[in-house]
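Working through the structure, step by step
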Amino acid sequence: MNLNRIFLRKTYIIIIIIMVLIAGGLVFYAFGIRTPISQEATKVLVVGFTESIWGIDPANIRGFMGHLISFQIFEPLLRVEFLSNGTMIIVPNLAEKWYTPDGTGKEWIFELRKDVRFHDGTPFNATAVKFSFERTIEGKQGEYFVLTPYIDRIEILDTYKVKFILKQPYMGFPSIVAGSNTGIVSPTAVEKCGADFSTKCLVGTGPFKFIRWIPNEEIVLQRNDDYWNKSRLPRINLLVFKIFSDSRSLALALEQGKIDVAIRELLPEDKERFKGSANYKVFEGPDIYAYFLAINLRNPYLNNTLVRQAIAYALDYDRIAKLGYGFRIYGLFWKGQLSLDIVAEPQRQFIYDPDKARKLLMQAFNGSIPKISFKLIYNVGAAPHVTDIVSVIKSNLEDIGISVELVPMDSTRHISTLNSGKDFDLSFFVFNPLTIDPDWSIWFNYHTEGSSAYQRFGFTNKTIDQLIMKARSEPDPEVRRNIYILIQNEVDSVPMQRIYLFRPYTTVVANKWVIGDLTPVIRIGYAIDFTRVDIDISMKPRG
């Protein structure tokens, strides 16, 4: 009998302890995470999107969402700050100071913060910086090619000072270091986890810590309570990225309250519907991606300037931009890019004028137009309504007497075909300027050694090559600006290997209980600052 009383008493005590723990919120199992979290962990922000995630490790990073998620975990030495007038400046981050000792830009020294630790407790220092950059360059995956044109070697000067020696002088190098593909990783975690680091134990210094990644389902991050930058300490406890198979299911999940925020990619018609409802907050900003019609100059017909001009006048730009939920562009760069106001618009003269296009074709062939047929390849996942967009291009060109075969491809095959430089004549393509300084974009698209110049599209020009290298080492911003404008006018006003179409809007739709400004900025990785987002849990439905 006494034994039964003792047993019952212990049982009651255990039950009371469990109830107290639950009431006090000391244990909270969110999304299957077995980490003890306070009751405030009900502040879980769920972000839905449809884009595939190839990598979020800085050494293997790809895509808009890959950059955005990675940037919550990993941090670069410098950051880009966006001013109210639309311009961008470079500001300190993990590095407190940076300078070029002799003023030429051939060498750059970065003095690092001394109060930062990685999520695993490893101290942040110069060794970690050198390790991270060399790991990306030597791994030759993701976007390593943004670093290889510039960095020759890296030297550790002391525990908190590191020097980059470049292949040639480059005054814009700080913008490379501020890229979301240059996040610093924990050497300890990489050594411990090996190949699993990229998917199972991502460790950085950022405001959120990695919890788990279930491919094609979700990526879960948790607030880093020990984050060094207290001014950017997140207001939410868990940040969950949910992956959806299509735009319709993404919109439905938002309507049902299963996600708090939808980004990339709602259909244009759904975006308009959400704009008309008081239950949602809609934020928009111009996207960084520039869409264009790429031209393979190896085709003898396309090597004719008049034929390319005929194509440029044949396109219904307004209709194409509307289908892409964007606005027409006339060149590569956007207003306010860094402090260099280099918004040249070399293709503004090309308007939708089919009659002029037909006359140019007649002129190109002395009044006797041959039977012309082009193969236009495109990535089926390149943009919403991509099939409609390329169908308009096909219709426009056939309207002036050029036959077009549309060849849909997945992303891998599309890039592979472009890189081969053959088996296509035209391509609906997109470019992402990965740095805010113009040099890399100019080099990649116009220099003979750049992938989107000769390798893909057969464009090469020694004078342009020389101008690009001259601008790279030029210390005077005004001189650099003028060189970049000259290059664009010389190449794109012809046009040569591309006809610019549109830049889309990035649209973020949030349920009404989400607090904060989610207006996306025109910079990959930086697009949304989730440290500034909060949730009014009194408004959010339970369950």
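No experiment lies behind these values; they were computed from the predicted model shown. (Residues numbered from 1 in each chain as written. Predicted model: local features only at pLDDT ≥ 70, side-chain atom pairs only at ≥ 80, totals over all residues. Heavy atoms only, no water.)

1. Points about the nonpolar core
- With 153 residues, the main nonpolar core has L77, F110, F164, F173 and F428 as its most contacted residues.
- Excluding anything up to four places from it in sequence, F110 contacts L77, L78, A95, K97, W98, Y160, K161, V162, F164, F173 and V177.
- Counting residues in hydrophobic clusters, the runner-up holds 16 residues, among them V240, A251, L254 and A262. (Core = buried A, V, L, I, M, F, W, Y, C linked by side-chain atoms within 4.5 Å. Buried < 20%, exposed > 50% of the residue type's maximum accessible area, 1.4 Å probe, protein only. Contact = heavy atoms within 4.5 Å.)

2. Describing unusual backbone geometry
- Across the junction of R264 and E265, the peptide omega takes the value 15°, indicating a cis bond.
- Cis rather than trans, the peptide bond between V494 and P495 has omega equal to -10°.
- Its location among the elements puts P495 in the loop between α17 (477–492) and β18 (498–511).
- Its identity as a non-glycine residue notwithstanding, K140 has a phi of 50°, on the positive side.
- Position of K140 among the secondary structure elements: in the loop between α3 (126–139) and β6 (151–158).
- Owing to a relative accessible area of 58%, K140 belongs among the exposed residues under this scheme.
- Here the phi dihedral of N366 falls at roughly 55°; this positive angle occurs in a residue that is not glycine. (Helix = DSSP H or I, 4+ residues; strand = E, 2+ residues; numbered from the N terminus.)

3. What about the pairing of β18?
- The element β18 is largely enclosed, with a buried count of 13 among its 14 residues.
- As paired strands, strand β11 (residues 261–263) and β18 are joined by 3 bridges and run antiparallel to one another. When the bridges of β18 are listed, V261 appears paired with A510.
- With 7 bridges joining them, strand β12 (residues 280–286) and β18 adopt antiparallel strand pairing. Of the residues in β18, the one forming a bridge with V282 is V509.
- Alignment of strand β13 (residues 290–295) against β18, held across 4 bridges, turns out to be antiparallel. (Pairing = 2+ DSSP bridges.)

4. Details of helix α11 (residues 354–364)
- For α11, the set of buried residues is P354, A357, L360, L361 and A364. One face of α11 carries all of its buried residues, which in axial projection span an arc of 115°.
- Elements that come into contact with the buried residues of α11 comprise α9 (305–314), β15 (372–379), α12 (386–399) and β16 (402–409).
- One or two steps after α11, the chain reaches N366, where phi turns positive at roughly 55°. (Arc of directions from axis to C-beta.)

5. Overview of the pattern of salt bridges
- This model, assessed by the stated rule, comprises 33 salt bridges.
- A salt bridge links E218 to R212, with the nearest nitrogen and oxygen atoms 2.5 Å apart.
- The exposure class of E218 is buried, given its relative accessible area of 4%.
- For the salt bridge of K275 with E272, the shortest nitrogen-to-oxygen distance reads 3.5 Å. Separated by 3 residues within a single helix, K275 and E272 lie in helix α8 (residues 268–275), roughly one turn from each other. (Salt bridge = Lys/Arg side-chain N within 4 Å of Asp/Glu carboxyl O.)

6. Description of the packing of aromatic side chains
- What the rule picks out here adds up to 27 aromatic pairs.
- Relative to F164, the ring of F110 lies with its centre 5.4 Å away and its plane at 80°, an arrangement referred to as edge-to-face. With F110 in strand β5 (residues 107–112) and F164 in strand β7 (residues 161–166), this pair connects stretches of sequence that are 54 residues apart.
- Taking relative accessible area as the criterion, F164 reaches 0% and is therefore assigned buried.
- The interplanar angle of 80° and the centroid separation of 5.7 Å between the aromatic rings of Y301 and F365 together place this pair among those described as edge-to-face. Placement of the pair is Y301 in the loop between β13 and α9 and F365 in the loop between α11 and β15, with a sequence separation of 64 residues.
- Here R273 stacks its cationic end above the ring of F274, 4.9 Å away from the centre of that ring.
- One cation-aromatic arrangement involves R328 over Y317; the distance from NZ or CZ to the ring centre is 3.6 Å. (Phe/Tyr/Trp six-rings, centres within 6.5 Å; stacked < 30°, edge-to-face > 60°. Lys NZ or Arg CZ within 6 Å of the ring centre and 35° of its normal.)

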